[in-house]
Amino acid sequence: MALKTKKFDIQDHLTSPAERAAYLAAAFEEADEAFIKQALSDIARSMGMTEVAKTAQITREGLYKALGKAGDPKLSTLLGIARALDVQLTVEPREVAA
């Protein structure tokens, strides 16, 4: 009997603010710009791009562009998206290896 598998979709696991915040925190910990944009995009898609764009006070097309592969969102756009995603961005000192 063949093993049946289902394609993994991160959106299935981004159903609560805590899950979304944990995913985004992991992306920021990696300090990888592409991963951060992908995490923001995944979370926005899980919540609905149109609603996120409206709350972030940008156009839907602008949201797709900002979070696309070639996107480089302005700080004001990033803050608006964070507000729309119901996450808070914080800063902590980086741990330095002994």
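Structure first, text after, so check above.
Draft legend 1. Here's a closer look at the overall build of the protein. If you tally the helices and strands in the protein, you get five helices and zero strands. Mapped from its N terminus to its C terminus, the protein presents α and β elements in the order α-α-α-α-α. Each principal axis of the C-alpha distribution contributes one length, and for the protein these read about 55 × 45 × 25 Å. Residues classed as buried in the protein amount to 29% of the 98 residues present. Sequence separation of at least 24 residues holds for 49% of the intrachain contacts in the protein that already meet a minimum separation of 6. If you sum the accessible surface of the protein, you get close to 7,400 Å²; carbon and sulfur atoms cover 55% of it.

Draft legend 2. Up close: the side chain of D42. Within the element layout of this structure, D42 appears in helix 2 (residues 33-47). D42 gets classed as buried once you look at its relative accessible area, which sits at 4%. Within the structure, the side chain of D42 is placed 2.4 Å from the side chain of R45, a separation counted as a polar contact. Residues within four places of D42 in sequence aside, it is in contact with I10, Q11, L14 and Y23.

Draft legend 3. Just the environment of Q57, in detail. In this structure, Q57 sits in the loop between helix 3 (49-56) and helix 4 (60-67). Distance in space between the C-alpha atoms of Q57 and A44 is 14 Å, their sequence separation being 13 residues.

Draft legend 4. Fine view of the packing of helix 1 (residues 17-30) against helix 2. Packing of helix 1 against helix 2 leaves a shortest axis separation of 8 Å and a crossing angle of 165°. It follows that helix 1 is roughly antiparallel to helix 2 by the angle criterion. In this structure, helix 1 meets helix 2 at a crossing whose hand is left-handed. Taken together, the residues of helix 2 that come into contact with helix 1 (itself represented by R20, Y23, L24, A26, A27, F28 and E30) are F35, I36, Q38, A39, L40, D42, I43, S46 and M47. For the contact of helix 1 with helix 2, the residue count by class is 11 nonpolar, two polar and three charged.

Draft legend 5. Here's a closer look at the environment of K65. Within the secondary structure, K65 sits in helix 4. Exposure remark for K65: the relative accessible area of 67% places this residue in the exposed category. Once the C-alpha coordinates of K65 and T15 are considered, the two residues, 50 residues apart in sequence, prove to be 24 Å apart.

Draft legend 6. Geometry of the packing of helix 3 against helix 5 (residues 75-84). The geometry of helix 3 relative to helix 5 is characterised by a closest axis approach of 8 Å and an angle of 120° between their N-to-C directions. Relative to helix 5, the element helix 3 is oriented oblique. Crossing angle aside, the handedness with which helix 3 passes helix 5 is right-handed. Here V52, T55 and A56 of helix 3 come into contact with helix 5, specifically with G80, I81, R83 and A84. Considering only residue class, the contact of helix 3 with helix 5 consists of four nonpolar, two polar and one charged.

Basis of the calculations
Residues numbered from 1 in each chain as written. Predicted model: local features only at pLDDT ≥ 70, side-chain atom pairs only at ≥ 80, totals over all residues. Heavy atoms only, no water. Helix = DSSP H or I, 4+ residues; strand = E, 2+ residues; numbered from the N terminus. Buried < 20%, exposed > 50% of the residue type's maximum accessible area, 1.4 Å probe, protein only. Contact = heavy atoms within 4.5 Å. Areas by Shrake-Rupley, 256 points an atom, 1.4 Å probe, with all protein chains shown as cover. Polar contact = N/O pair within 3.5 Å; in protein donor to acceptor, adjacent residues only side chain to side chain. Axes fitted to C-alpha atoms, helices over the stretch in contact; angles between N-to-C directions. Parallel < 35°, antiparallel > 145°, perpendicular 65-115°, else oblique. Left-handed = near helix turned anticlockwise from the far one by under 90°. Nonpolar A, V, L, I, M, F, W, Y, C, P; charged D, E, K, R; others polar.

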